[in-house]
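Structure assessment
For reference, the chains in residue letters:
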Amino acid sequence: MIRIFPTSTWYRPTSEVVVALEADAADLPLLRDASLLVSALERTVGVLPAASAGEIVLGKYRLGAYGIDLLDDSGKVLASTAFDVLNSALDRPRYGFLTSFGSGVPLSQVQRHFLRLHLNMAQYYDWAWR
């Protein structure tokens with residue numbers, strides 16, 4: 001399985017956009033000639049090589065919402081994601097919630113889940129704590 005997701009829930013126009021590309025060992029050869037197609041409203045704004053798994057710096061982008069398709073050498077979409085460039089997370093809030101506060105799930109897993117869902121705010125429900 002190939003996974004791609006932004007390393008931040010949103011980016012400022014002054015920040016470099018970085019995505020994480022992960023692939024199972026069996027899928028690594030697919031990345032050899034792969035490329036990342038960055039688009040805004042069906043308009044291509046960038047194409048970058050994605051020859052291996054890891055973090056890939058896409059550069060800086062103007063305010064807006066962008067899609068990313070990971071394409072193999074024939075143009076087939078292997079994975080997709082998106083990112084926002086905002087002045088503030090409040091410009092385009094995307095929130096999720098947590099209802100369990102036990103010690104069984106590491107915070108890093110919660111953060112990763114929020115990144116993969118493009119959530120930039122969290123609400124903590126704690127109505128039953130007593």
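Scroll up a little and you will see the structure.
My aim in this report is to walk through the structure given alongside it, one point at a time.

Some details on the side chain of Asp-27
If you trace the backbone, Asp-27 turns up in the loop between strand 2 (17-23) and strand 3 (35-40). Among buried charged residues, Asp-27 stands out as having no salt bridge; its nearest opposite-charge side chain is Arg-3, 6.6 Å away. Among residues more than four places away in sequence, those in contact with Asp-27 are Met-1 and Ile-2.

Considering the sheet that holds strand 6 (residues 64-71)
The antiparallel open sheet is built from four strands, whose spatial order is 4-3-6-7. Of all strands in the sheet, those with a lone pairing partner are strand 4 (43-49) and strand 7 (77-85), marking the two edges. Pairwise comparison of adjacent strand axes, ignoring direction, gives a mean angle of 20 degrees for this sheet. Across eight bridges, strand 6 lies against strand 7 in antiparallel orientation. Bridge pairing links Ile-68 to Thr-81 in strand 7.

Criteria and thresholds
- Residues numbered from 1 in each chain as written.
- Predicted model: local features only at pLDDT ≥ 70, side-chain atom pairs only at ≥ 80, totals over all residues.
- Heavy atoms only, no water.
- Helix = DSSP H or I, 4+ residues; strand = E, 2+ residues; numbered from the N terminus.
- Buried < 20%, exposed > 50% of the residue type's maximum accessible area, 1.4 Å probe, protein only.
- Lys, Arg positive; Asp, Glu negative; His and termini not counted.
- Salt bridge = Lys/Arg side-chain N within 4 Å of Asp/Glu carboxyl O.
- Contact = heavy atoms within 4.5 Å.
- Pairing = 2+ DSSP bridges.
- Axes fitted to C-alpha atoms, helices over the stretch in contact; angles between N-to-C directions.

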